[in-house]
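# Tertiary structure, described
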Amino acid sequence: MRLLILLMIILVTVIGCNESTSQNQAKDKEKMDEARDKGFELTTFGSGCFWCTEAIFERVKGVISVESGYSGGKNENPTYEEVCSGKTGYAEVVQVKFDTTIISFDELLEIFWKTHDPTTLNKQGADVGTQYRSVIFYHTENQKLKAESYKTELNNAHIWNNEIVTEIVPFINFYSAEKYHQNYYEQNPNQGYCSFVITPKIEKFEKVFKDKLKDRSN
């Protein structure tokens, strides 16, 4: 009897997990379809701490929105604490919605690779762990081909002393990070990590990519 009850509990749990996964996949598809209907496109980048990556792409002309979150793992609804353990398979990422009539995916790739070190495995500066890996979760076959081609060109050009370790893998899931992570730099510019790590990075980015910056004067 106890065995039967246990099996029923396991079955209900598995069904519940499958339903949750299906609901999240449906939500992701709906988000992509909605973006496509409006002439926009989605892509998902991981390049270390998502506070940094978000702050960079929010400044790019043609980017409609940037959302910090987690991609690439298996368990449902991961928390920041779980992802920080480095054991979930998730990476800290940003999901970028962009207007292809203003900025191309190729231009976003250039920004992505030039604003972090893609040659360090599971590490960006002092941030260490698989959650900080360099990764592109492509949403379309075209994004995959462009990312792979660009990576090959950079490796052949020997821009860095070491080979690029950026993963280029299909998009499978995205869970939005907790509310306090969204727009983190803008909300906390004087926080230690922001002022000592993110601000210098943004200043360098704005000098290199000044022709791709949004007008933030208003």
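Residues numbered from 1 in each chain as written. Predicted model: local features only at pLDDT ≥ 70, side-chain atom pairs only at ≥ 80, totals over all residues. Heavy atoms only, no water.

The secondary structure content of the chain amounts to 7 helices and 8 strands. The buried share of the chain, reckoned over its 218 residues, is 42%. Accessible surface, the chain: about 11,900 Å² in total, of which carbon and sulfur atoms supply 55%. (Helix = DSSP H or I, 4+ residues; strand = E, 2+ residues; numbered from the N terminus. Buried < 20%, exposed > 50% of the residue type's maximum accessible area, 1.4 Å probe, protein only. Areas by Shrake-Rupley, 256 points an atom, 1.4 Å probe, with all protein chains shown as cover.)

Here we come to the layout of surface pockets. Here the largest pocket is characterised by a volume of approximately 200 Å³. Lining the largest pocket are 14 residues, and of these Cys52, Gln124, Gly125, Val197 and Lys201 lie nearest its centre. Here the lining of the largest pocket gets 3 residues from one element, more than from any other, and that element is helix α7 (residues 192-208). Of the residues contributing to the lining of the largest pocket, the split by class is 5 nonpolar, 6 polar and 3 charged. (1 Å grid on protein atoms, 1.4 Å probe; cavity = no way out; pocket = protein on both sides within 12 Å on 5 of 7 lines; lining within 4 Å. Points joined across faces, edges and corners; volume = space filled by probe spheres on them. Nonpolar A, V, L, I, M, F, W, Y, C, P; charged D, E, K, R; others polar.)

This next bit is on unusual backbone geometry. Positive phi, normally seen in glycine, also occurs at Asn77, with a value near 50°. Assignment of secondary structure puts Asn77 in the loop between β2 (63-71) and α3 (80-84). We note that Asn183 has phi near 55°; this positive angle belongs to a residue other than glycine.

Looking at chain direction, β2 and strand β3 (residues 91-99) are connected through 8 bridges and run antiparallel. Opposite Glu67, over in β3, you have Gln95 as the bridge partner. (Pairing = 2+ DSSP bridges.)

Moving on to the sheet that holds strand β7 (residues 167-170). In a beta sheet, neighbouring strands are held together by backbone hydrogen bonds and run either parallel or antiparallel to one another. Across the sheet, 6 strands lie side by side as β7-β6-β1-β3-β2-β8; this open sheet has mixed pairing. Both edges of this open sheet fall to β7 and β8 (175-176), since each of them pairs with a single strand only. Strand direction decides the pairing type here: strand β1 (residues 40-47) and strand β6 (residues 134-138), joined by 4 bridges, are antiparallel. Within the sheet, the bridge partner assigned to Phe45 lies in β6 and is Ile136. Its contacts with the sheet place helix α4 (residues 105-114) against β1, β2, β3 and β6, and it is angled at close to 15° to β1. (Contact = heavy atoms within 4.5 Å. Axes fitted to C-alpha atoms, helices over the stretch in contact; angles between N-to-C directions.)

Where α4 meets helix α5 (residues 141-157), the axes come as close as 10 Å, and the angle between the chain directions of the two elements is 45°. When the axis of α4 is compared with that of α5, the two are oblique. The chirality of how α4 crosses α5 is right-handed. The residues of α5 that touch α4, namely those facing Phe105, Asp106, Leu109, Glu110 and Trp113, are Gln143, Lys146, Ala147, Tyr150, Lys151 and Leu154. Looking at the contact of α4 with α5 residue by residue, the classes come out as 6 nonpolar, 1 polar and 4 charged. (Parallel < 35°, antiparallel > 145°, perpendicular 65-115°, else oblique. Left-handed = near helix turned anticlockwise from the far one by under 90°.)

Among the 8 residues in β1, 6 count as buried, and that is most of the element. Sheet analysis places β1 next to β3, joined by 6 bridges and oriented antiparallel. Looking across to β3, one finds that Glu41 is bridged to Phe98.

Packed helix pairs are characterised by how far apart their axes lie and by the angle those axes make with each other. Contact geometry for helix α2 (residues 50-57) and α7: axes closest at 10 Å, N-to-C directions at 35°. Classified by chirality, the crossing of α7 by α2 is right-handed. Mapping the contact onto sequence places Trp51, Cys52, Ala55 and Ile56 in α2 and Tyr193, Val197, Ile198, Lys201, Ile202 and Phe205 in α7. When the residues that make up the contact of α2 with α7 are grouped by side-chain class, the tally is 9 nonpolar, no polar and 1 charged.

The subject of this paragraph is the environment of Tyr132. With respect to the helices and strands, Tyr132 occurs in the loop between β5 (127-128) and β6. Taking C-alpha positions, Tyr132 is 4.1 Å from Gly48, a pair spaced 84 residues apart along the chain. Setting aside chain neighbours within four positions, we find Tyr132 in contact with Gly48, Cys49, Glu92, Lys123, Gln124 and Asp127.

For the structure on display, the rule yields 7 salt bridges. If you follow the salt bridges from partner to partner, you end up with Arg59, Glu186 and Glu206 in one network. (Salt bridge = Lys/Arg side-chain N within 4 Å of Asp/Glu carboxyl O.)

Before going further, it helps to spend a moment on α2. Of all the 8 residues making up α2, 8 are buried; the element is thus mostly covered by neighbouring parts of the structure. Those residues of α2 not exposed but buried are Phe50, Trp51, Cys52, Thr53, Glu54, Ala55, Ile56 and Phe57.

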